[in-house]
Amino acid sequence: MPPGPYRWFVVAELVLAAVTFVALLFVVAPYGGRHGRPGWGPTVPARVGWVVMEAPASLAFLGFYLLGAHRADLVPLLFLLLGQAHYVQRAFVYPLLMRSGSRMPVLVMLLAILFNLLNAWVNARWISEYGDYPVSWLADPRFWIGVVVFAAGYALNIGSDRILRRLRRTGGGYRIPHGGGFRFVSSPNYLGEIVEWTGWAIATWSLAGLAFALYTVANLAPRAMANHRWYRETFPDYPASRRALLPFVL
Ligand SMILES: NC(=O)c1ccc[n+]([C@@H]2O[C@H](COP(=O)([O-])OP(=O)(O)OC[C@H]3O[C@@H](n4cnc5c(N)ncnc54)[C@H](OP(=O)(O)O)[C@@H]3O)[C@@H](O)[C@H]2O)c1
């Protein structure tokens, strides 16, 4: 852990993960159509909200990364590539592909921007400035295990979002998704996201990466439970063996 103010940003992200987890056990974040409801102030089209709130996760991450002394080193550049593979897709491709006409509260968008800035600072500064990743890190099993876990989560996340999009191909409302990770859980897209950032934490072997993975669990696990409840209440024929987030377990 480096000295100075940087460490307090990491601590802040860990504290935020704990606060978020407890808060979301009581309040379902109203950012999607299913869980959207009045009383959260002005809203914007969800498509616009996703671009505005996720763009800093890509662009600010890149900007903070470029401040680092190790910005031209091979391993930090590979980490940058992983992060951008996720966030360029999430900020600039996913919103264009969305088939939802739902709206998002401006408040949720602003909170997400704040988190994305904090997380970009914590992780980008770690990989390009404070962390120590010589080329020999490529021979460390933690790097490759982490990259493989990240790639598996990425594929699950994107594949699951694609299945959800196809449900809307013929128009209409919500349906029961089938196939892929949906054979096992109600929110395989969230599971994929959690697996991705767990892979990132392993590959970077850092407190910064761990804070990101924990925050992702804190944010998405309660939401996966809410989605699961919603499916069961909405569809009487919902597959009984399907779990919320962890196959066969939860
Ligand atoms: N890293 C993080 O902390 C974080 C936080 C939030 C989200 N994410 C990621 O962002 C992506 C989207 O998140 P989300 O919470 O919006 O996911 P979601 O609730 O699963 O919804 C994704 C999209 O699919 C539609 N949809 C969902 N279930 C459907 C069904 N049964 N039938 C028809 N359409 C359905 C939704 O439409 P409606 O909008 O109309 O409901 C929305 O457009 C996911 O990949 C997630 O992992 C990451």
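Residues numbered from 1 in each chain as written. Predicted model: local features only at pLDDT ≥ 70, side-chain atom pairs only at ≥ 80, totals over all residues. Heavy atoms only, no water.

1. Overview of the pattern of salt bridges
If charged atoms from side chains of opposite charge come close, those side chains can pair. All told, the structure shown has three salt bridges when counted by the stated rule. For D161, the salt bridge is made with R90, and the minimal N-O distance between the two is 3.7 Å. In this pair, D161 is assigned in helix 5 (residues 141-167) and R90 in helix 3 (residues 74-97), connecting sequence segments 71 residues apart. What makes R90 buried here is its relative accessible area of 6%. Ionic pairing is found between D140 and R142, a salt bridge with its closest N-O pair at 2.7 Å. With a relative accessible area of 15%, D140 lands in the buried category. Residues participating in the shared-partner salt-bridge network are R90, D161 and E193. (Salt bridge = Lys/Arg side-chain N within 4 Å of Asp/Glu carboxyl O. Helix = DSSP H or I, 4+ residues; strand = E, 2+ residues; numbered from the N terminus. Buried < 20%, exposed > 50% of the residue type's maximum accessible area, 1.4 Å probe, protein only.)

2. With respect to the UniProt feature "transmembrane region" (unreviewed entry) in the chain
Feature annotation in UniProt places "transmembrane region" (unreviewed entry) on residues 6-28, 48-68, 104-122 and 142-159, given in this structure's numbering. The straight-line gap between the two end C-alpha atoms of residues 104-122 is 26 Å; of that span, 89% is helix and 11% is strand. Taken end to end, residues 142-159 is 100% helix and 0% strand, and its first and last C-alpha atoms sit 25 Å apart. (UniProt positions renumbered as here; feature names shortened; annotations may be inferred.)

3. Side note on the environment of T20
Locating T20 in the fold gives a position in helix 1 (residues 6-26). Separated by 199 residues in the primary sequence, T20 and N219 have C-alpha atoms spaced 6.3 Å apart.

4. Observations regarding the packing of helix 1 against helix 4 (residues 106-130)
Packed helix pairs are specified by the crossing angle of their axes together with the interaxial distance, meaning the distance between the axes. As a packed pair, helix 1 and helix 4 sit with axes 10 Å apart at the nearest point and diverge in direction by 135 degrees. On the basis of their axis angle, the class for helix 1 and helix 4 is oblique. The way helix 1 lies across helix 4 gives a crossing that is left-handed. Contact residues: Y6, F9, V10, A12, E13 and L16 in helix 1; F115, L118, N119, W121, V122, R125, W126 and Y130 in helix 4. The residue inventory of the contact of helix 1 with helix 4, partitioned by class, reads eleven nonpolar, one polar and two charged. (Axes fitted to C-alpha atoms, helices over the stretch in contact; angles between N-to-C directions. Parallel < 35°, antiparallel > 145°, perpendicular 65-115°, else oblique. Left-handed = near helix turned anticlockwise from the far one by under 90°. Contact = heavy atoms within 4.5 Å. Nonpolar A, V, L, I, M, F, W, Y, C, P; charged D, E, K, R; others polar.)

5. Topic: a positive patch on the surface
A cluster of basic residues, R99, R162, R166 and R169, forms a positive patch at the surface. Mapping R162 onto the fold places it in helix 5. (Patch = residues over 30% accessible without salt bridge, like charges linked within 9 Å, V, L, I, M, F, W, Y side chains within 5 Å. Areas by Shrake-Rupley, 256 points an atom, 1.4 Å probe, with all protein chains shown as cover. Lys, Arg positive; Asp, Glu negative; His and termini not counted. Charge placed at Lys NZ, Arg CZ, Asp CG, Glu CD.)

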